[in-house]
Amino acid sequence: MEYDPIVKGQSHRTGVRPNLSDYEEFWRDFRWEEMMGELDGLEGGGLNIAYEAIDRHARGPMKDKVALYWEGRDGRSEEYTFSDLYRLTNRFANVLKRLGLGKGDRVFTYGDRIPEIYISLIGALKAGAVIGPLFSAFGPDAVKERLGDCEARFLVTTPKLAGVVRGTVDDLPSLETLIIINREKTACELNEKEVDYEALMTEASHSFDMERTDKDDYAIIHYTSGTTGKPKGVVHAHEAVVGHYATARYVLDLHRDDIYWCTADPGWVTGTSYGIFGPWSNGVSQVVYEGGFRATNWYRVIEKYKVTVWYSAPTAIRMLMKAGEGVAQKFDLSSLRYLCSVGEPLNPEAILWGNRAFGLPFHDNWWQTETGCIQIANYPVQDIRPGSMGRPFPGVRATILDDNCEKELPPGEEGHLALRAGWPSMFRTYWNMQELYDSRFRNGWYITGDRATMDPDGYFWFVGRADDVINTAGHLVGPFEVESALVEHPAVAEAGVIGVPDPLAMEVVKAFVSLKDGYEPSEELKRDIKRFARKKLHSVACPRKIDFLPGLPKTKSGKIMRRLLKARELGLPEGDTSTLEE
Ligand code: PRX
């Protein structure tokens, strides 16, 4: 097969020898145990992600190295060394213990990307909690659903966001305490369940005896969407840090002197695996920018902090492309040496554009909330085959299975992308849904839910999802959760939700809605339904477009046929309609 490799030995071009200098050799010699051997473990046995990320550096020659360069959305900046973070996270662990936290209790965060959120997450891990970071863009019902599902005891949030969830707290009997971070010292009256972060931190000691955790103890929960049912809590154990560490080192190619920036929010697994644990377990300085996307602001961050390694997502890259190369040229971006991307298919034009705008291509990699760390990647030593996700990380075995998920298919044939179960950061369960978890495995393979092909050289090519899940701007949206939210609107009788193509976000959410008797379609009603959805869902999950239909196509058993809605929307063949209701 002929490809158009556009990069040859790119990291040699920037004069940095890649950590992974020979893929085949690395693959042959790779042992996960050796990766574990590069971490410290707890004295006397055990493993804790927080110790690997912070404490081990804070106790050695790197203690005064800046771990976090924080840039607020208003331009304020702060710096935290490993030793600062060591003390602050110890304090927060003490705060939680004083409030009665027990090992394995769930501590959630719901806030913007401010240092206290990072400190809380790491402090909670030290105290033996299971952490659940949530996007600040979630509406009250989305927060309630997640906290309720795993019976969270603590929520760390801000005055503004506490205001969003106050109305739901009574429906969450397990939620004992809201810890309020009040950076701006705004007037904020705390109710009986709420305590002040700053006051408790000031009183707490900066020494803490880390809770003894084992590699298999649960550590992190991220909620993710499937085709049916509510979002599921994907649970990771402390051993996940072995995967974070190894892939940050050998895929993101992090070196000790790098300044690294991952643009993802910790509400998404990328923002924890690679926006907290991967870089810090490697002792690398990282930038966290609180603000949202704006091409000029992003370039300013790169210029100001002299970012060397940058990890972002295709939608953001397409937005930068839209802003134009001219904007990039106004900034000194010469510090950049390595660029990576994840979350959605990275279109070849975006790779080529990176080459033009920065003199560097984006390296695509593939993984999921469930996999915990990167599984398939383009590496600095290899040519990029534009459009391919790359080759499996050494230590990961990937394959393509047939429609029954039984037989491995030869190169070139499309099927289910599957991974040999058992890598350290593989998810350990779906919270309270063990049966669903078990159903994701077949004959020792984890079935990813993606369809793909593999070429004769072992490069994997993404084809699409095997289910109805929508990928909008890199975020997975389950149509069922959107439909469930919409039918709660007083005017909505039924709703069917699909993804429709979008030049920037890859897909956007579109809803087809039939109305209850007595309601008439109107633009105002559409706006009202959208406003209603915003309260219940993450902002990206809210339907961008709504069409009213007199009725929705359903199977004889009453299931809405999203496939048919999609085919009709896109003008594609309708396929088998024999199960369609008369
Ligand atoms: O469908 C694939 C898509 O995103 C899904 C995983 O989403 P999530 O669990 O939210 O992601 C967490 C961290 C990435 C995958 O099943 N996806 C992810 N990366 C790629 C991708 N699709 C195509 N190319 C990629 N590089």
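Higher on the page you've got the structure.
Residues numbered from 1 in each chain as written. Predicted model: local features only at pLDDT ≥ 70, side-chain atom pairs only at ≥ 80, totals over all residues. Heavy atoms only, no water.

Enquirer: Is there a simple way to explain empty space enclosed by the protein in this structure?
Expert: A full pass over the atoms with the stated rule returns one cavity of 30 Å³ or more. Reported here for the largest cavity is a volume of approximately 40 Å³. Its residues assigned to classes, the lining of the largest cavity shows four nonpolar, three polar and two charged. (1 Å grid on protein atoms, 1.4 Å probe; cavity = no way out; pocket = protein on both sides within 12 Å on 5 of 7 lines; lining within 4 Å. Points joined across faces, edges and corners; volume = space filled by probe spheres on them. Nonpolar A, V, L, I, M, F, W, Y, C, P; charged D, E, K, R; others polar.)

Enquirer: Explanation requested: the layout of surface pockets in the structure shown.
Expert: Once rolled over the atoms, a probe with the size of a water molecule shows which space is left empty. Empty space within the largest pocket amounts to approximately 1000 Å³. Of all the secondary structure elements, the ones that give two or more residues to the lining of the largest pocket are strand 10 (259–262), helix 11 (269–281), strand 11 (285–289), strand 12 (309–312), helix 13 (314–323) and strand 26 (506–515). For the lining of the largest pocket, the element with the highest residue contribution is strand 11, accounting for four residues. Grouping the amino acids of the lining of the largest pocket by side-chain chemistry returns 24 nonpolar, 13 polar and seven charged. Space inside the second largest pocket adds up to approximately 840 Å³. Around the second largest pocket, the lining comprises 47 residues; the ones closest to its centre are Thr224, Ser225, His475, Leu476 and Val477. For the lining of the second largest pocket, the elements supplying multiple residues, two or more each, are strand 4 (130–134), helix 7 (140–149), strand 8 (218–224), helix 11, strand 14 (362–366), strand 22 (460–465), strand 24 (475–477) and helix 17 (479–486). A per-element tally of the lining of the second largest pocket places helix 7 first, with five residues. Here the lining of the second largest pocket is built from residues that sort into 21 nonpolar, 14 polar and 12 charged. (Helix = DSSP H or I, 4+ residues; strand = E, 2+ residues; numbered from the N terminus.)

Enquirer: Explanation requested: the site of the ligand in the structure shown.
Expert: Taken together, the neighbourhood of the ligand is formed by 19 residues, with Asp364, Asn365, Gln368, Thr369 and Asp450 sitting nearest. Here Gly343 contributes a backbone N or O atom positioned 3.2 Å from a nitrogen atom of the ligand. Separating an oxygen atom of the ligand from a side-chain N or O atom of Asp450 is a distance of 2.9 Å. Compared with its free state, where it exposes 540 Å², the ligand has 99% of that area covered by protein. Judged by the proximity of its atoms to the pocket grid, the ligand belongs to the second largest pocket. Looking at the shell around the ligand, the elements with two or more residues in it are helix 11, strand 14 and strand 22. In terms of residue count, strand 14 provides more of the shell around the ligand than any other element does, three residues in total. Classifying every residue of the shell around the ligand gives nine nonpolar, six polar and four charged. (Near = heavy atom within 4 Å. Polar contact = N/O pair within 3.5 Å; in protein donor to acceptor, adjacent residues only side chain to side chain. Areas by Shrake-Rupley, 256 points an atom, 1.4 Å probe, with all protein chains shown as cover. Sits in = over half its atoms within 2 Å of the grid points.)

Enquirer: What is the right way to read the packing of helix 5 (residues 82–98) against helix 6 (residues 115–126) from this model?
Expert: Working note: a packed helix pair is described by the angle between its axes plus the distance between those axes. Closest axis-to-axis distance for the helix 5/helix 6 pair is 7 Å, and the angle between their directions is 65 degrees. The two elements helix 5 and helix 6 cross, and the hand of that crossing is right-handed. Taking contact as the criterion, the partners of Leu85, Tyr86, Leu88, Thr89, Asn90, Phe92, Ala93 and Leu96 in helix 5 are, on helix 6, Ile119, Ser120, Ile122, Gly123, Ala124 and Lys126. Residue composition of the contact of helix 5 with helix 6, grouped by class: nine nonpolar, four polar and one charged. (Axes fitted to C-alpha atoms, helices over the stretch in contact; angles between N-to-C directions. Left-handed = near helix turned anticlockwise from the far one by under 90°. Contact = heavy atoms within 4.5 Å.)

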